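Each chain, letter by letter, is given below.
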Amino acid sequence: MKIHILNCGYIRIHEDLLYGGGSMMTDLRKAVMAPGSRRVTLPVLTYLIEHPAGLFLVDTGWSRDISPQGAYDPKAVRSVLPAHLAALYRPYVPEGMAINEQLRSMGIKQEDIDAVLITHLDPDHVSGLRSVNRAKRIVIPEDEAYWSVRTKYRIRQPEQLWDIDGAERVFFRGHLLGPMHKAIDVTGDGSIMMVNLPGHTDGLCGVIVRNEERYVLLVSDAAVSPRSWEKMEPPGFAADAALQSKTLEWIADAASDPACEAVLCSHDKELNAPATYADA
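Residues numbered from 1 in each chain as written. Predicted model: local features only at pLDDT ≥ 70, side-chain atom pairs only at ≥ 80, totals over all residues. Heavy atoms only, no water.

1. Describing helix 9 (residues 241-255)
Working step 1: Across its 15 residues, helix 9 extends 21 Å between first and last C-alpha, which sits within 8% of the 21 Å expected from 1.5 Å per residue.
Working step 2: Buried positions along helix 9 lie against strand 9 (192-196), strand 10 (205-211), strand 11 (214-218), helix 8 (226-230) and strand 12 (260-264).
Working step 3: A side-chain oxygen of the first residue of helix 9 lies 3.1 Å from the backbone nitrogen of Ala242; this N-cap is Asp240. (Helix = DSSP H or I, 4+ residues; strand = E, 2+ residues; numbered from the N terminus. Expected span 1.5 Å × (residues − 1). Contact = heavy atoms within 4.5 Å. Polar contact = N/O pair within 3.5 Å; in protein donor to acceptor, adjacent residues only side chain to side chain.)

2. Considerations on the packing of aromatic side chains
Working step 1: By the definition in use, this model includes three aromatic pairs.
Working step 2: With a centroid separation of 5.1 Å and 20° between ring planes, the pair formed by Tyr10 and Tyr92 is classed as stacked. With a gap of 82 residues between them, Tyr10 in strand 1 (residues 2-14) and Tyr92 in the loop between helix 3 (83-89) and helix 4 (99-105) connect regions that are remote in the sequence.
Working step 3: Tyr10 gets classed as buried once you look at its relative accessible area, which sits at 14%.
Working step 4: Ring geometry for Trp62 and Tyr89: centres 5.5 Å apart, planes at 75°, overall edge-to-face. One end of the pair, Trp62, is in the loop between strand 3 (54-58) and helix 2 (74-80); the other, Tyr89, is in helix 3, with 27 residues separating them in the sequence. (Phe/Tyr/Trp six-rings, centres within 6.5 Å; stacked < 30°, edge-to-face > 60°. Buried < 20%, exposed > 50% of the residue type's maximum accessible area, 1.4 Å probe, protein only.)

3. Description of the nonpolar core
Nonpolar side chains in soluble globular proteins tend to be buried together.
Working step 1: Leu81, Leu88, Tyr89 and Val116 are the most contacted members of the largest nonpolar core, which has 50 residues in total.
Working step 2: It is strand 1 that contributes the most residues to this core, five residues altogether.
Working step 3: Sequence-distant contacts of Tyr89, defined by excluding residues within four places in its chain, comprise Ile11, Arg12, Ile13, Trp62, Leu81, Asp122, Pro123, Asp124 and Phe237.
Working step 4: Ile5, Val58, Ile192 and Met194 belong to the second-largest nonpolar core, a separate cluster that totals 24 residues. (Core = buried A, V, L, I, M, F, W, Y, C linked by side-chain atoms within 4.5 Å.)

4. Thoughts on the sheet that holds strand 12
Strand pairs in the sheet, formed through backbone hydrogen bonds, run parallel or antiparallel to each other.
Working step 1: Read from one edge to the other, the open sheet built from six strands follows the order 7-8-9-10-11-12, with strand pairing classed as mixed. Lying at the two open borders of the sheet, with one neighbouring strand each, are strand 7 (173-174) and strand 12.
Working step 2: Here strand 7 runs beside strand 8 (residues 182-185); their pairing, made up of two bridges, is antiparallel. In the strand pairing of strand 8, Gly174 is matched with Lys182. (Pairing = 2+ DSSP bridges.)

5. Describing the pairing of strand 2 (residues 39-51)
Working step 1: Counting buried positions along strand 2 yields eleven of 13 residues, so the element is predominantly enclosed.
Working step 2: Pairing of strand 1 with strand 2 involves eleven bridges; the strand directions are antiparallel. Paired with Ile5 across the strands is Tyr47, a residue of strand 2.
Working step 3: Here strand 2 folds back onto strand 3 in antiparallel fashion, the turn holding two residues.

Right, here's the structure in full:
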């Protein structure tokens, strides 16, 4: 199996959102007003898994329409995102880096993808979803979709970005995996599992890619980098600080497991390059 790391754009966010936690509303108010001198640039990473069962794409990054000329374009961003999210993310996508462009350069058609697995519904993870909507399956955790159009999540997860015809909203089931013991068996044999890792959002999931006894864990936004679980410093803009800590403890245990080859985060600057991570 291979895991291709694909950089599908960038965000420029308040530096305080990286480590140390923080509540959703408090962080949002502070982050939208952050000057450029207080912002850091982070990659938006997606993963293409070449698996015996087919091709699986984890998240989609930013769409081309958010950055038509490959640079930060405030007007274009505001045509896709509400003003507060446009100010929060300040996103851009260099030429050739939108997910459909990268797949095309690899000779892969939308229809070749066996499933698109969405870890959670924040815009930087689903903006490019419509450009791969002819994949055979689109899997969204029901726990995430249910809350996205209710209560506090309405401010951070615009429904028009992820509400795709034909998408499967799948419930987590009881499982030994994860801090909450809830997971979705994507392949039916345990080799690709979507594992509930709540805290950043309630329904956020990571993805475990297993090859016999070895595995790679993709944790999405449950952590920014290894520092998050090594120092127990969760990302900001969070829904539930207690659940973040519980999730980070579980990730730390997984990272120390000899069978775990790597734990990969969706905004880790150390992974900021297209690459093939695993070939097993």
